[in-house]
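Structural characterization, general
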Amino acid sequence: TFSVRDKELKNYMQKVNFPIVPAEVLSTALADMYEEGKPITNKQICQGIMAHLMDQVKDDMELLSFTGVYDAAQADGNFGYSLNGWNKIVTDLLANTVRPCFKVPVDAITDANIYDVFLAYERGLPKLLKDKIKEIHTSTNNLERYEIAYQEKWGQAAKYDDKDRTKSPLRKRVIVGHDNCDDDKIWATIDGNMLDLVDVVDNPPKVSDIQVQDYTVKIFMEFSKGYDFLMNEAVCVANFTDTVRGLGDAAKMALYFPHEVVEEEPAP
């Protein structure tokens, strides 16, 4: 069994306010898309801009899912501060002593040692979770560095099965690379523990209101979004800072990982 305590999960309101003036295309090569006689919101140029806006919102949310850092003072009108992305979440998790993650000490990553770092990381996973962890998360850059190192070490690609997935040094866990993940991040957890919090209109985000004033069309979108781990203690994060392994607290280790033996840090 695995002990779980209550945790507050936060969802953050996202807002888009995008004004356009379709008539501005009349003196350009796109003038035919203005379609005289049609209601302004039905014009081809307006529909095309809204479709492009939707694609841009999806791209922005993908970027925010890793690079976002929530700041209430800057969230209104400034991009990048409307929620916490995975880079911030994992960084905060390493510093959390109330609901800590399981730290796995490893060396700082270089091109020369990246295979050994992933090997040491897998060896350092707690016994209770070894069979339950199927994926290891890191940056796309680290994934590519690992694939190069694997090729050089074994003379073959670090791939397996018909999905062409990259395998870890042990047990063929999938190494997942994320484009906007920081290079100093490696983590793994059990299935279902990485939460993508959404509301009813975020599938995908939809236009919530359109206002027309003179020649200006204002497009509004509102939806909630958030990311987090359900159980911090079930997240195994690479510790590049010191030699602490585990939750960093004997009482918490006895509660969550009673059969795991870790060396206590020497007193300063």
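Structure: see above.
Description of the structure in this document.

Cut-offs applied
- Residues numbered from 1 in each chain as written.
- Predicted model: local features only at pLDDT ≥ 70, side-chain atom pairs only at ≥ 80, totals over all residues.
- Heavy atoms only, no water.
- Helix = DSSP H or I, 4+ residues; strand = E, 2+ residues; numbered from the N terminus.
- Expected span 1.5 Å × (residues − 1).
- Buried < 20%, exposed > 50% of the residue type's maximum accessible area, 1.4 Å probe, protein only.
- Contact = heavy atoms within 4.5 Å.
- Disulfide = S-S within 2.5 Å.
- Pairing = 2+ DSSP bridges.
- Patch = residues over 30% accessible without salt bridge, like charges linked within 9 Å, V, L, I, M, F, W, Y side chains within 5 Å.
- Areas by Shrake-Rupley, 256 points an atom, 1.4 Å probe, with all protein chains shown as cover.
- Salt bridge = Lys/Arg side-chain N within 4 Å of Asp/Glu carboxyl O.
- Phe/Tyr/Trp six-rings, centres within 6.5 Å; stacked < 30°, edge-to-face > 60°.
- Lys NZ or Arg CZ within 6 Å of the ring centre and 35° of its normal.

A separate point is helix α1 (residues 44-67). When the terminal C-alpha atoms of α1 are compared, their 34 Å separation across 24 residues agrees well with the 34 Å that a helix rising 1.5 Å per residue should span. Along α1, the positions that sit buried rather than exposed are Ile45, Cys46, Met50, Leu53, Met54, Val57, Met61, Leu64, Ser65 and Phe66. The inward-facing, buried residues of α1 contact β1 (12-20), α2 (86-95), β6 (174-178), β7 (187-189), β9 (209-213) and β10 (216-229).

Quick look at the state of the cysteines now. Summed over the entire model, instances satisfying the criterion amount to zero disulfides. Here Cys181 stays free of any disulfide, with the sulfur of Cys101 as its closest cysteine sulfur at 14 Å.

Burial analysis of β10 places 11 of its 14 residues in the buried class, which makes it a mostly covered element. Both β1 and β10 contribute to a ladder of nine bridges, which runs antiparallel. Bridging across to β10, Val16 finds its partner in Met221. For β9 and β10, the ladder comprises five bridges, and the chain directions are antiparallel.

Time to look at the pairing of strand β11 (residues 235-239). The side chains of a regular strand alternate, residue by residue, between the two faces of the sheet. By the criterion of burial, β11 is predominantly enclosed, with five of the five residues buried. Where burial is concerned, the two faces of β11 agree: the one with Val235, Val237 and Asn239 and the one with Cys236 and Ala238 are both buried. Here strand β2 (residues 102-105) pairs with β11 via four bridges, running parallel. Across the sheet, the residue bridging to Pro105 is Asn239, located in β11. Here three bridges tie β7 to β11, and the two strands are oriented antiparallel to one another. Looking at the pairing, Thr189 lines up with Val235 of β11.

On to unusual backbone geometry. One non-glycine residue, Lys172, lies in the positive phi region at around 55 degrees. Tracing the backbone shows Lys172 in the loop between β5 (165-166) and β6.

Glancing now at the environment of Val176. Here Val176 shows up in strand β6. The spatial distance from the C-alpha of Val176 to the C-alpha of Ser139 is 7.8 Å, given a sequence separation of 37 residues. Excluding residues within four positions of it along the chain, Val176 makes contact with Glu135, Ile136, His137 and Thr138.

To continue, consider a nonpolar patch on the surface. On the surface, a cluster of nonpolar side chains totalling about 200 Å² of accessible area is made up of Val207, Ile210 and Val212. The class of Val212 is partly exposed, set by a relative accessible area of 46%.

Once that is clear, we can look at the packing of aromatic side chains. Enumeration according to the criterion identifies 11 aromatic pairs in this entry. Seen in terms of ring centroids, Tyr12 and Tyr70 are 4.6 Å apart; in terms of plane orientation they differ by 40 degrees. Their pairing is tilted. Taken together, the positions of Tyr12 in strand β1 and Tyr70 in the loop between α1 and α2 put the pair 58 residues apart, joining distant regions of the chain. Classification of Tyr12 as buried rests on a relative accessible area of 13%. Over the face of the ring belonging to Trp154 we find Lys153, whose NZ or CZ atom lies 5.3 Å from the ring centre.

Now for the pattern of salt bridges. For the structure on display, the rule yields 12 salt bridges. Residue Glu147 pairs with Lys159 through a salt bridge whose shortest N-O separation is 3.0 Å. In this pair, Glu147 sits in helix α5 (residues 140-154) while Lys159 sits in strand β4 (residues 159-160), placing the two residues 12 residues apart along the sequence. Judged by relative accessible area, which is 21%, Glu147 ranks as partly exposed. Here Lys159 falls in the partly exposed class, since its relative accessible area comes to 31%. We note a salt bridge from Asp182 to Lys185, for which the minimum N-O separation is 3.6 Å. On the basis of relative accessible area, Asp182 is assigned to the partly exposed category, the value being 33%. The structure contains a network of salt bridges with shared partners spanning Asp182, Asp184 and Lys185.

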